[in-house]
Amino acid sequence: NAGVTQTPKFRVLKTGQSMTLLCAQDMNHEYMYWYRQDPGMGLRLIHYSVGEGTTAKGEVPDGYNVSRLKKQNFLLGLESAAPSQTSVYFCASIGDGSYNSPLHFGNGTRLTVT
Amino acid sequence: GDSVTQMEGPVTLSEEAFLTINCTYTATGYPSLFWYVQYPGEGLQLLLKATKADDKGSNKGFEATYRKETTSFHLEKGSVQVSDSAVYFCALSARGSQGNLIFGKGTKLSVKP
């Protein structure tokens, strides 16, 4: 049972380059989330999706775009990377969006923008 | 808005010492409360949760009690092991939040043999 899988695990970009982070879950979950983790900041929500074909902004959405074309996949895109986007990115999912249910997290993508 | 405040780290303890990591929250209504653990190089894993006042969550020797009167959810363990070395995050999920978690900044715990 793979759970939540993120690819790639590591990436180094130059300022201005673009890339897409892929999150895949095999639990048939409706809700998916992208967080970024920065030292001393905890995790902050970038974007989320409440079902296939839907997306919504979180706390820190600027500079990112997302798509949820298939229920099992949630893509995070950086169109023009900036050093401020150097971070560890985590994807998470949950079955029904209930506030009582815990999120399932992937192992993260460490992104460095030089 | 909703927020979570947890004690700053890092925390360094000797094996078998008692652990407390303080967590307080601000939220309207009655949120669910969680502790997550992050081992080096890994994602976050649920450690325990509590969904209503006076609930006690427990797992792997860790405990936390949902205290509505003090808006707290402190994490405790009676005897830590080297394998407990990790970063611990307190988090809340509010009704109507569509499952989104509000996290504290994390507390790094190092346990020395």
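As the structure is a computational prediction, the values presented were derived from the model and not from experiment.

S.K.: A description of the overall build of chain B should follow, citing residues and the corresponding values.
M.R.: What chain B contains, in helices and strands, is 0 helices and 12 strands. Along chain B, helices (α) and strands (β) appear in the sequence β-β-β-β-β-β-β-β-β-β-β-β when read from the amino end. For 113 residues, the compact-globule formula gives about 13 Å, and the C-alpha radius of gyration of chain B, at 14 Å, lands near that figure. Taking the principal axes of its C-alpha atoms as reference, chain B extends roughly 45 × 30 × 20 Å. Residues classed as buried in chain B amount to 46% of the 113 residues present. Carbon and sulfur atoms provide 48% of the accessible area of chain B, an area that totals close to 5,300 Å². Here chain B contributes 11 positively and 11 negatively charged side chains, and the mean placements of these two sets differ by 4 Å.

S.K.: I'd like to hear about the overall build of chain A, residue by residue, with values.
M.R.: Scanning chain A for helices and strands turns up 0 helices and 11 strands. In sequence order, chain A lays out its α and β elements as β-β-β-β-β-β-β-β-β-β-β. A compact globule built from 114 residues should have a C-alpha radius of gyration of about 13 Å, and chain A, at 13 Å, falls within 12% of that. Along the longest, intermediate and shortest principal axes, the C-alpha atoms of chain A span 40 × 30 × 25 Å. The burial tally for chain A puts 49% of its 114 residues in the buried class. The long-range share in chain A, meaning contacts at least 24 apart out of those at least 6 apart in sequence, stands at 55%.

S.K.: Which residues make up the interface of chain B and chain A, and what are the values?
M.R.: Taken together, the 25 residues of chain B in the interface contact 22 residues of chain A. For the pair chain B and chain A, the summed buried surface comes to about 1,800 Å²; carbon and sulfur atoms form 54% of the total. Linking chain B with chain A are 0 salt bridges. Inspection of the chain B/chain A interface yields 9 residue pairs in polar contact (both at pLDDT 80 or more). Sorting the residues of the side of chain B that touches chain A by element identifies strand E5 (32-38), strand E6 (44-50) and strand E10 (86-93) of chain B as the ones contributing at least two each.

S.K.: Tell me about the nonpolar core, residues and numbers included.
M.R.: Most often, soluble globular proteins keep nonpolar side chains buried together rather than apart. Residues and elements named next belong to chain B. One finds Trp35, Leu47, Leu48, Phe73, Leu75 and Tyr88 to be the most contacted residues of the largest nonpolar core, which totals 27 residues. Going through the elements one at a time, strand E2 (11-14), strand E3 (19-21), strand E4 (23-26), E5, E6, strand E8 (62-65), E10 and strand E12 (107-112) are the ones with two or more residues in this core. When residues of this core are assigned to their parent elements, the largest contribution, 4 residues, is made by E10. If sequence neighbours within four positions are ignored, leucine 47 has contacts with Trp35, Tyr36, Val37, Asn59, Phe62, Leu75 and Tyr88.

S.K.: Could you give an account of the sheet that holds strand E1 (residues 4-7) of chain A, with specific residues and numbers?
M.R.: Residue and element names in this part refer to chain A. Read across the sheet, 4 strands follow the order E1-E3-E8-E7 without closing on themselves; strand pairing throughout is antiparallel. Edge strands, defined here as strands with exactly one partner in the open sheet, are E1 and strand E7 (65-67). Ignoring strand direction, the axes of neighbouring strands in this sheet form an average angle of 20 degrees. Bridge count for E1 against strand E3 (residues 19-25) is 4 bridges, and the pairing is antiparallel. Paired with glutamine 6 across the bridge in E3 is cysteine 23.

S.K.: Tell me about the environment of Gly57(B), residues and numbers included.
M.R.: Residue and element names in this part refer to chain B. When you line up the elements, glycine 57 lands in strand E7 (residues 56-59). For glycine 57 and valine 37, which are 20 residues apart along the polypeptide, the C-alpha to C-alpha distance reads 14 Å. Among all residues touching glycine 57, those that are not within four sequence positions of it are Leu48, Lys49, Phe62, Glu63 and Ala64.

Conventions we followed
Residues numbered from 1 in each chain as written. Chains lettered and ligands numbered in written order. Predicted model: local features only at pLDDT ≥ 70, side-chain atom pairs only at ≥ 80, totals over all residues. Heavy atoms only, no water. Helix = DSSP H or I, 4+ residues; strand = E, 2+ residues; numbered from the N terminus. Rg over C-alpha atoms; globule rule 2.2 N^0.38 Å. Buried < 20%, exposed > 50% of the residue type's maximum accessible area, 1.4 Å probe, protein only. Areas by Shrake-Rupley, 256 points an atom, 1.4 Å probe, with all protein chains shown as cover. Lys, Arg positive; Asp, Glu negative; His and termini not counted. Charge placed at Lys NZ, Arg CZ, Asp CG, Glu CD. Contact = heavy atoms within 4.5 Å. Buried area = accessible area lost by both parts, 1.4 Å probe. Salt bridge = Lys/Arg side-chain N within 4 Å of Asp/Glu carboxyl O. Polar contact = N/O pair within 3.5 Å; in protein donor to acceptor, adjacent residues only side chain to side chain. Core = buried A, V, L, I, M, F, W, Y, C linked by side-chain atoms within 4.5 Å. Pairing = 2+ DSSP bridges. Axes fitted to C-alpha atoms, helices over the stretch in contact; angles between N-to-C directions.

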